[in-house]
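Okay, here's what each chain looks like letter by letter:
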Amino acid sequence: ESQSDDPTFVSWCEKQIPLLGISDGTAKHYKPLITKLTEYGKMNKWQDLTVENISNFDAWLHQQTKPLSDARRKAGAKPEKLSDSGIYNYHKCLKALLHRALSFGKIDANPYDRLKGKFKRGEREKPEYLTEDEMKRFEAVILPKGSELDVVHDLFIFQMYTGLPYSDMQAFDASDYKYDGEAWKRVGERIKTGVPYVSQLLPPAVKVLEKYGWEIPQLSNADYNRHLKALGQMAGIKTRLHSHLARHTFATYMLRNGVKIENVSKMLGHTNITQTQRYAKVLAQSVHDDFEMVASKLEKKKRMSNP
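Here is what the cut-offs are and how they apply
Residues numbered from 1 in each chain as written. Predicted model: local features only at pLDDT ≥ 70, side-chain atom pairs only at ≥ 80, totals over all residues. Heavy atoms only, no water. Core = buried A, V, L, I, M, F, W, Y, C linked by side-chain atoms within 4.5 Å. Buried < 20%, exposed > 50% of the residue type's maximum accessible area, 1.4 Å probe, protein only. Contact = heavy atoms within 4.5 Å. Pairing = 2+ DSSP bridges. Helix = DSSP H or I, 4+ residues; strand = E, 2+ residues; numbered from the N terminus. Phe/Tyr/Trp six-rings, centres within 6.5 Å; stacked < 30°, edge-to-face > 60°. Arc of directions from axis to C-beta. Salt bridge = Lys/Arg side-chain N within 4 Å of Asp/Glu carboxyl O. pLDDT = per-residue confidence, 0-100. Expected span 1.5 Å × (residues − 1). Patch = residues over 30% accessible without salt bridge, like charges linked within 9 Å, V, L, I, M, F, W, Y side chains within 5 Å. Areas by Shrake-Rupley, 256 points an atom, 1.4 Å probe, with all protein chains shown as cover. Axes fitted to C-alpha atoms, helices over the stretch in contact; angles between N-to-C directions. Parallel < 35°, antiparallel > 145°, perpendicular 65-115°, else oblique. Nonpolar A, V, L, I, M, F, W, Y, C, P; charged D, E, K, R; others polar.

Ranked by internal contacts, the top residues of the largest apolar core, which has 35 residues, are Phe138, Phe156, Phe158, Met160 and Tyr224. Those residues in contact with Phe138 that sit more than four places away from it in its chain are His153, Phe156, Ile157, Met160, Leu228, Leu231, Ala235, Ile237 and Leu241. Ranked by size, the runner-up nonpolar core spans 29 residues in total, among them Ile34, Ile54, Leu98 and Phe119.

Structure (structure tokens):
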């Protein structure tokens, strides 16, 4: 009887997304899943939710390509297949919806329980970050006080020294922090994931807050990222600046300055240390690159001394 209210599984999923209690940023990952399920067309009925059909859906996803923009199409770019990490996100969202359906008694078992370990996340792209020299160059940019660029400049500095993602920064409330005589500290939960994190306001972040009366200026993510691109060019930074780059910069900055990786993980509110380890790998690769540079110079000197 309950199933008759939602004749298809896909229509039920579409109705559930606004009821999941997740942020708009997280919800945007669910909407493409509805599109893919509709295109696939073989998991519309509740009885279609089988281990075999989910495995077939995975195979189908691996044959799909990313949509091309008009500009790239005109430039003759070839479509790229969906990445393993992108496909993994489809499975992650579908699994969560099936778990919800199971809790509501719409299905007897979640097929994903029999598919543990089958779908791999894939290698994530190496996180980009600013070096300490680039951080100094960015901070040194002088802008008209009170301008929107000046506000964006301050917000990015605040992110670089707190590690807060955009949504948590915009929801910042000074009353959540307690001053213990030495520093402002907080144990909170990430808005997007609900995972606990430990925060302490470092001097550059406190300076920004004092400038704005301990309130964070509100700005849309689109405007924020648009101005960051311009600020990066003004600072002579080749890496494209965006709000999440500040979080990557915070993580690598902490690791470079001797903070234990376990503690950086808690500062970022990661669900497990594996997420944090990719920053350590990037730093290790940077060290190896410097070794190779020095080795190349030594080899060059050796050739010059022994003609």
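Before going further, it helps to spend a moment on the pairing of strand 2 (residues 184–189). Summarising the sheet, strand 1 (residues 178–179) and strand 2 pair through two bridges and their orientation is antiparallel. Residue Lys178 lies in a different strand from strand 2, and its bridge partner there is Lys185. Counting the residues in the hairpin turn of strand 1 and strand 2 gives four residues, including Gly181, whose phi is positive at 100°. Alignment of strand 2 against strand 3 (residues 196–200), held across five bridges, turns out to be antiparallel. Bridge pairing in strand 3 links Glu189 to Pro196. Count of turn residues in the strand 2/strand 3 antiparallel hairpin: six residues, of which Gly194 carries a positive phi of about 75°.

Spatially, three strands are ordered 1-2-3 in an open sheet, and the strand pairing comes out antiparallel. A single partner strand is all that each edge strand has here, and the edge strands are strand 1 and strand 3.

What follows deals with the packing of aromatic side chains. The full count for this structure, using the stated rule, is 14 aromatic pairs. A ring pair is formed by Tyr40 and Trp60, whose centres lie 5.4 Å apart and whose planes are at 55°; its orientation type is tilted. Placement of the pair is Tyr40 in helix 2 (residues 24–40) and Trp60 in helix 3 (residues 51–61), with a sequence separation of 20 residues. Taken together, a centroid distance of 5.7 Å and an interplanar angle of 80° make the contact between Tyr161 and Tyr253 edge-to-face. Remark: Tyr253 occurs in helix 11 (residues 243–256) and Tyr161 occurs in the loop between helix 7 (148–160) and helix 8 (166–170); sequence separation between them is 92 residues.

Our next topic: helix 3. For helix 3, every residue scored as buried is listed here: Asn53, Ile54, Phe57, Asp58 and Leu61. Relative to the axis of helix 3, the buried residues are bounded by an arc of 145° and lie together on one face. Looking at the buried side of helix 3, the elements it contacts are helix 2 and helix 5 (84–103).

All told, the structure shown has ten salt bridges when counted by the stated rule. Between Lys36 and Glu39 there is a salt bridge, and its shortest N-O distance comes to 3.6 Å. With Lys36 and Glu39 both in helix 2 and three residues apart, the pair spans about one turn of that helix. When its relative accessible area of 11% is taken as the criterion, Lys36 is described as buried. For the salt bridge of Lys66 with Glu80, the shortest nitrogen-to-oxygen distance reads 3.9 Å. Here the residue Lys66 occupies a position in the loop between helix 3 and helix 4 (70–74), and Glu80 occupies one in the loop between helix 4 and helix 5, the gap between them amounting to 14 residues. Among the charged side chains, a salt-bridge network with shared partners connects Asp150, Asp154 and Lys211.

When pLDDT is averaged along the protein chain, the result is 87, and 94% of the positions lie at 70 or above. Across the protein chain, the element-wise mean pLDDT spans from 74 in helix 4 up to 97 in helix 7.

Another aspect to go through is unusual backbone geometry. Non-glycine residue Trp214 carries a positive phi angle of around 65°. Mapping Trp214 onto the fold places it in the loop between helix 9 (203–211) and helix 10 (221–234).

A separate point is helix 7. It helps to recall that an α-helix has 3.6 residues per turn; residues three or four apart then point in one direction. If you check helix 7, its first and last C-alpha atoms are 18 Å apart, about what 13 residues at 1.5 Å a residue would give, namely 18 Å. Where burial is concerned, most of helix 7 is hidden: eleven out of the 13 residues are buried. Buried residues along helix 7 sit against helix 6 (132–139), helix 8, helix 9, helix 10 and helix 11.

What follows concerns a nonpolar patch on the surface. Taken together, the side chains of Met293, Val294 and Leu298 present a nonpolar region at the surface, about 270 Å² in accessible area. Structurally, Val294 can be placed in helix 13 (residues 273–305). Judged by its relative accessible area of 42%, Val294 falls in the partly exposed class.

Orientation of helix 1 (residues 9–16) relative to helix 2, taken along the N-to-C sense of each, is 170°, at an axis distance of 10 Å. The angle between helix 1 and helix 2 falls in the class roughly antiparallel. Residues Phe9, Val10, Cys13 and Glu14 of helix 1 pack against Ile34, Leu37 and Thr38 of helix 2. In the contact of helix 1 with helix 2, the residues fall into five nonpolar, one polar and one charged.

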